[in-house]
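So you can see what is in the structure, the chains are spelled out below.
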Amino acid sequence: MGTSDTHYYYNYNLLHSLSQIFNILSIMLLLFLLLCFNAKVEGALNSNKNVSAFYVFGDSTVDPGNNDFIETPFRSNFPPYGRDFPNQTPTGRFTNGMLTTDYIASYVGLKKDVLPPYLDPNNSIEELVTGVSFASAGSGFDPLTPSISNVIPIEKQMEYFKECIGKLEVVLGKQKTENHLKKAVFFLSAGTNDFVLNYFTLPVQRKSYSILAYQQFLIQHVKEFIQGLVAEGARRIVVAGAPPMGCLPVMITLNSPNVVERKCIDEYSSVARDYNKFLQNELHALQLQLNANKQGVNIFYVDIYGPLDDMIQAPQKYGFDEVGNGCCGTGYIEASFMCNKASIVCPDPTKYVFWDSIHPTGKAYHQLFLAFVPTVDSIINNY
C-alpha cells in the first residue's frame, strides 16, 4: 500500500470516527433536551398538588387576548388598554390591568402570573399544561350573540379545548392527561352580552322569547356546555353569574331618562338577579344529576353581582370615587375601538369602578378576585 493510500485510509477512519462521535453527541444532546423538556412539563404538572391547571371559557371578562388572533372589530390590543398591565402592554384584555382570572391563576400556584390566550401561537406546552383561556370578547351562550361581532362562539371554544387536549395527550399520554384534567379547574363566565348586546338591543330574540323564556334558553346552553366539559374529563367547574347590568355605564347611557344623573336602572339589574337565582338552582340540580352516576363532579357558582354592586353602592369602602361612567373618554359609551389612543383618560383609574363603558378597571377585577377567594379556597381543598 502506497503512502497516498495510507493517508486516504487514515483520513477515512478519522472522519468515520469523528462522524460516530458527532452522532453520539447529537443523541446525547437530544436526550438531554428531552429530559429538560420532560422536567419542565413534570414541574408544571406538579406545581400544585390540588390544582393541576386552570382553563377558562366565556366573554370579555375573561378574554386575555384571543380576539387579537381573529378577524373582529371587538379588540383591545392598543392603548390606553393595558395602561397598568406589566410593562404597560395592551394585551387584548378589556381593562387597564389584569383580569380576575389572572389573579386566580397566580393564587392557586400554577407558576404563572397571568393566564394566556389559547390562540397565541407563542404558547409553550407548559402554558397549555398549566392553563389557558379560550374566551372571546363579545361572545355569549346564545349562538346569535357571537355572530353580531364575529367573535368565537362558546361551542367553538369547546372545540379549541378538545384540540388542546389532543396536544396534551401527545406529550403526557392519554391516561396522564385524563388524571391531569380531573385535577384541573374550569371557569365559565358569559351571559352579559346575550342580554346587553343581543336581547335588550336587537329585536330578533325579543320576538321569539319572553325575558323568562330567554333566561331559561341561556341556562339550557350553560348546562349543555357543562355536560360537554364533563364528557371531556372535567370534574371541578366554576360558573360565574351575571353582573348588575343596569349599572353598566353603557346601559345607563342608552336607557336612562336622565343620562346626566348616571343612576343604575333596576329594570335591567333585576333581570340579572332573576337569572342568577335560576342559574344557581339549575346548577345544583345538574350536579345532583351528574353525580347520580357517581362521576364526582363539583359545580361551583361564583357571585359577581353582589361584590360589583357593593362597589357601586358603597364606593368609599373600596376607595372609588366614580361609579357611573368609565375612565376612558367620556366613560358613557366608549368601549373597544371607541376607547383608543385619541381618547382622554382619567388620571387615576384606581378611583373608577369601570375602565370603559362596560368593563371594570383592574382594581375592580382585583376586588372581585378577593371576593372569590373563599370559593377558590373551597375548590382547591375539594379534591
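A brief structural summary. (Residues numbered from 1 in each chain as written. Predicted model: local features only at pLDDT ≥ 70, side-chain atom pairs only at ≥ 80, totals over all residues. Heavy atoms only, no water.)

Assigned secondary structure in the protein consists of 13 helices and four strands. Buried residues in the protein amount to 52% of all 383 residues. Restricting the contact set of the protein to residue pairs at least 6 apart, pairs at least 24 apart contribute 72%. Summed over all atoms, the accessible surface of the protein reaches about 17,400 Å², with 57% contributed by carbon and sulfur. (Helix = DSSP H or I, 4+ residues; strand = E, 2+ residues; numbered from the N terminus. Buried < 20%, exposed > 50% of the residue type's maximum accessible area, 1.4 Å probe, protein only. Contact = heavy atoms within 4.5 Å. Areas by Shrake-Rupley, 256 points an atom, 1.4 Å probe, with all protein chains shown as cover.)

Now for the pattern of salt bridges. Summed over the entire model, instances satisfying the criterion amount to nine salt bridges. Between Lys167 and Glu163 there is a salt bridge; the shortest N-O distance is 3.9 Å. Remark: Glu163 and Lys167 occur in helix α5 (residues 154-172); sequence separation between them is four residues, near one turn of the helix. Judged by its relative accessible area of 39%, Glu163 is partly exposed. (Salt bridge = Lys/Arg side-chain N within 4 Å of Asp/Glu carboxyl O.)

Next up on the list: the packing of helix α9 (residues 211-231) against helix α11 (residues 266-291). For any two helices packed against each other, one specifies the inter-axial angle together with the distance between the axes. Contact geometry of α9 with α11 gives a least axis separation of 10 Å together with a crossing angle of 35°. When the axes of α9 and α11 are compared, the crossing they make is right-handed. In this structure, α9 uses Ile211, Leu212, Gln215, Gln216, Leu218, Ile219, Val222, Lys223, Ile226, Gln227 and Val230 to contact α11, whose residues at the interface are Val271, Asp274, Tyr275, Phe278, Leu279, Glu282, Leu283, Leu286, Gln289 and Leu290. Here the residues of the contact of α9 with α11 are counted per class, giving 14 nonpolar, four polar and three charged. (Axes fitted to C-alpha atoms, helices over the stretch in contact; angles between N-to-C directions. Left-handed = near helix turned anticlockwise from the far one by under 90°. Nonpolar A, V, L, I, M, F, W, Y, C, P; charged D, E, K, R; others polar.)

This part covers the sheet that holds strand β2 (residues 185-189). The four strands lie next to each other as β1-β2-β3-β4, forming an open sheet whose pairing is parallel. The two strands at the open ends of the sheet, each matched to only one other strand, are β1 (54-58) and β4 (298-302). On average, each strand axis in the sheet is tilted by 20° relative to the strand beside it, whichever way the strands run. Here five bridges tie strand β3 (residues 236-240) to β4, and the two strands are oriented parallel to one another. Each bridged residue has a counterpart across the sheet, and for Ala240 the counterpart in β4 is Val302. Against the sheet, helix α2 (residues 100-107) contacts β1 and β2, and its axis sits at roughly 165° relative to β1. (Pairing = 2+ DSSP bridges.)

Our next topic: the side chain of Thr101. Secondary-structure assignment places Thr101 in helix α2. By relative accessible area, which is 2% here, Thr101 ends up buried. Leaving out residues up to four positions away in the same chain, Thr101 has contacts with Phe54, Val56, Val62 and Phe187.

For the rest of this paragraph, the subject is the state of the cysteines. Here the structure, examined in full by the defined rule, presents three disulfides. A sulfur-sulfur separation of 2.1 Å characterises the disulfide bridge that pairs Cys247 with Cys264. For the disulfide bridge between Cys247 and Cys264, the dihedral angle about the S-S bond is near 115°, and by the sign convention the bridge is right-handed. A residue pair is termed long-range when its members are at least 10 positions apart, and Cys247 in the loop between β3 and α10 (249-255) and Cys264 in the loop between α10 and α11 qualify at 17 residues. Relative accessible area serves as the criterion here: at 32%, Cys264 is assigned to the partly exposed category. Across the disulfide, Cys327 is cross-linked to Cys346 (sulfur-sulfur distance 1.9 Å). Here Cys327 and Cys346 share a disulfide; its torsion about the S-S bond, -95°, makes the bridge left-handed. You can see Cys327 sitting in the loop between α12 (305-313) and α13 (362-381) and its partner Cys346 sitting in the loop between α12 and α13, a full 19 residues away along the chain. We classify Cys327 as buried; its relative accessible area is 2%. In the protein, the bonded cysteines, taken in the order they occur along the sequence, pair up as 1-2, 3-6, 4-5. (Disulfide = S-S within 2.5 Å.)

To continue, consider the pairing of β3. Among the five residues that make up β3, five are buried, leaving the element largely enclosed by the rest of the structure. Neither face of β3 is open: one carries Arg236, Val238 and Ala240, the other Ile237 and Val239, and all of them are buried. Pairing between β2 and β3: three bridges, direction parallel. Residue pairing for β3: Leu188 is matched across the bridge by Val239.

Let us look at the environment of Ser136. For Ser136, the location among the structural elements is in the loop between α3 (125-130) and α4 (144-149). When the C-alpha atoms of Ser136 and Ile152 are compared, they prove to be 5.6 Å apart, with 16 residues separating the residues in sequence. In this structure, Ser136 is in contact with Gly58, Asp59, Ser60, Asp63, Asn67, Ile70, Val151, Ile152 and Gln157, ignoring residues within four places of it in sequence. Side-chain polar atoms of Ser136 contact the side chain of Asn67, separated by 2.5 Å. (Polar contact = N/O pair within 3.5 Å; in protein donor to acceptor, adjacent residues only side chain to side chain.)

This next bit is on a nonpolar patch on the surface. A cluster of nonpolar side chains, contributed by Leu254, Ile333, Phe337 and Met338, occupies part of the molecular surface with about 370 Å² of accessible area. Relative to the helices and strands, Leu254 resides in helix α10. (Patch = residues over 30% accessible without salt bridge, like charges linked within 9 Å, V, L, I, M, F, W, Y side chains within 5 Å.)

This paragraph deals with the nonpolar core. Counting 98 residues, the largest nonpolar core has Tyr55, Phe161, Phe186 and Phe187 as the members making the most contacts within it. With residues up to four places along the chain from it excluded, the contact list for Phe161 reads Tyr55, Phe57, Phe134, Leu181, Phe186, Leu229 and Glu232. (Core = buried A, V, L, I, M, F, W, Y, C linked by side-chain atoms within 4.5 Å.)

So, on to α5. Between its terminal C-alpha atoms α5 stretches 26 Å, which fits the 27 Å expected from 19 residues at 1.5 Å a residue. Buried within α5 we find Ile154, Gln157, Met158, Tyr160, Phe161, Cys164, Ile165, Leu168 and Leu172. Seen along its axis, α5 keeps its buried residues to an arc of 155°; they face one direction. At the C-terminal side of α5, Gly173 shows a positive phi close to 95°. (Expected span 1.5 Å × (residues − 1). Arc of directions from axis to C-beta.)

Interpretation note: all reported values are geometric properties and have no functional meaning in isolation.
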